[in-house]
Amino acid sequence: MVQSIRLIFLGPPGAGKGTQAQILAESHGIPHISTGEILRAAIANETELGQQAQGFVDRGELVPDSLILDLIRERLQQPDAQQGWILDGFPRNVSQAAFLNTLLAELSQQCNVALNLEVPDSTLIERLLSRGRKDDNQETIRRRLEVYREQTAPVIDFYQKQGSLQSVNGDRLPEEVTAALKDAIAS
Ligand code: ADP
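Description of the structure in this document. Since the model is a prediction, treat every value here as computed from it, not as a measurement. In this numbering scheme, every chain counts its residues from 1 along its sequence in written order. Whole-chain, interface and lining totals are the exception, using all residues; otherwise, since this is a predicted model, local features are given only for residues with pLDDT of at least 70 and side-chain atom pairs are given and counted only at 80 or more. Heavy atoms from the whole structure form the basis of all side-chain values; hydrogens and water molecules are not counted.

## Things to note about the packing of aromatic side chains
Each Phe, Tyr or Trp ring (for Trp, its six-membered ring) is paired with any other whose centre lies within 6.5 Å, and the angle between the two planes then decides the class: stacked below 30 degrees, edge-to-face above 60, tilted in between. Overall, the coordinates contain one aromatic pair when judged by the stated rule. Relative to Tyr159, the ring of Phe158 lies with its centre 5.2 Å away and its plane at 75°, an arrangement referred to as edge-to-face. Residue exposure (1.4 Å probe, protein chains only): buried if accessible area is under 20% of the type maximum, exposed if over 50%, otherwise partly exposed. With relative accessibility at 1%, the residue Tyr159 sits in the buried group. In this analysis the charged atom, NZ for Lys or CZ for Arg, is taken to sit over a ring once it is within 6 Å of the ring centre and within 35 degrees of the ring normal. Taking the ring centre of Phe56 as reference, the NZ or CZ of Arg59 above it sits at 5.2 Å.

The structure is reproduced here in structure tokens:
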């Protein structure tokens, strides 16, 4: 029997959340839900969401919760998300984390573990500058790291207090990180 698995990825921009989330999603046959990717697709397609989000994303700010919460509520109710999911980029502040707790209770779903990828700033900046996404310029990267420290880092404490946090060293080869994450999920 396939066991349902629900994972939350935490960690600063450039920590490797997207890469690792994609690998684990494929190996478990569950969707990788990246709010950053959803927003970039909306911006590329010039949808209403995209138009509302673009300025925030370009400046390295979080988009307002009002643009994200309904989107997550709907996404977690899709048929492909009933056997599990991996969230990448959400929750990104404590109010999103509190919302997710309430939503999961409503949907009778439970998150197995919040995985926190730890990577030093020097490595993050190097990785982001070599990635070359539109919001990966010096100034936006600096702002994203600031926003991470101010608004997203407290989410680590939130899951620590809830007893569902596992931290993994993300500053090594991708396949070593994957192995450590699999161990953390199994423990
Ligand atoms: P990063 O590698 O910088 O973490 P993401 O792809 O996760 O990149 O996110 C890119 C941008 O999308 C963020 O800088 C932010 O503007 C916006 N974003 C993504 N997820 C959220 C969220 N949960 N709440 C608010 N803004 C978000």
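## As for the packing of helix H2 (residues 35–44) against helix H3 (residues 48–59)
Comment: axis = line fitted to C-alpha atoms, over the contacting stretch for helices; angle = value between 0 and 180 degrees taken between N-to-C directions. Helix and strand assignments come from DSSP, with helices taken as H or I runs of at least 4 residues and strands as E runs of at least 2, each series counted from the N terminus. Two elements in contact, H2 and H3, have axes whose closest approach is 8 Å; the angle formed by their N-to-C orientations is 115°. For the element pair H2 / H3, the angle class is roughly perpendicular. Handedness of the crossing formed by H2 with H3: left-handed. Along the contact surface, H2 presents Leu39, Ala42 and Ile43, while H3 presents Leu49, Gly50, Ala53, Gln54 and Val57. Three categories are distinguished: nonpolar for Ala, Val, Leu, Ile, Met, Phe, Trp, Tyr, Cys and Pro, charged for Asp, Glu, Lys and Arg, and polar for the others, with Gly belonging to the last. Here the residues of the contact of H2 with H3 sort into six nonpolar, two polar and no charged. Each angle is binned into one of four classes, with values under 35 degrees roughly parallel, values over 145 roughly antiparallel, values of 65 to 115 roughly perpendicular, and all other values oblique. Helix crossings get a hand from a simple test, with the near helix turned counterclockwise from the far one by less than a right angle marking a left-handed crossing and a clockwise turn marking a right-handed one. Contact between two residues is taken to exist if any of their heavy atoms lie within 4.5 Å; hydrogens are not considered.

## Overview of unusual backbone geometry
Between Phe90 and the following residue, Pro91, the backbone shows a cis peptide bond with an omega angle of -5°. Its location among the elements puts Pro91 in the loop between strand S3 (84–88) and helix H5 (94–106). Positive phi, close to 55°, is recorded for Glu46, a residue that is not glycine. Along the chain, Glu46 falls in the loop between H2 and H3. Here Glu46 falls in the exposed class, since its relative accessible area comes to 60%. One non-glycine residue, Ser108, adopts positive backbone phi at about 55°. Positionally, Ser108 belongs in the loop between H5 and strand S4 (113–118).

## Quick word on helix H8 (residues 174–186)
Between the first and last C-alpha of H8 there are 18 Å, a value that for 13 residues agrees with the 18 Å anticipated at 1.5 Å per step. For H8, every residue scored as buried is listed here: Val177, Thr178, Ala180, Leu181, Ala184 and Ile185. Viewed end-on, H8 has its buried residues packed into an arc of 165°, placing them on one side of the element. Relative to its buried face, H8 has exposed residues pointing more than 90 degrees away, namely Glu175, Asp183 and Ala186. Considering only its buried residues, H8 is in contact with strand S1 (5–10), helix H1 (17–28), S4 and strand S5 (165–169). How far a helix is expected to stretch is found by multiplying one less than its residue total by 1.5 Å. Our arc is simply the arc of the directions from the helix axis toward the C-beta atoms.

These results come straight from atomic positions and should not be treated as a statement about function.
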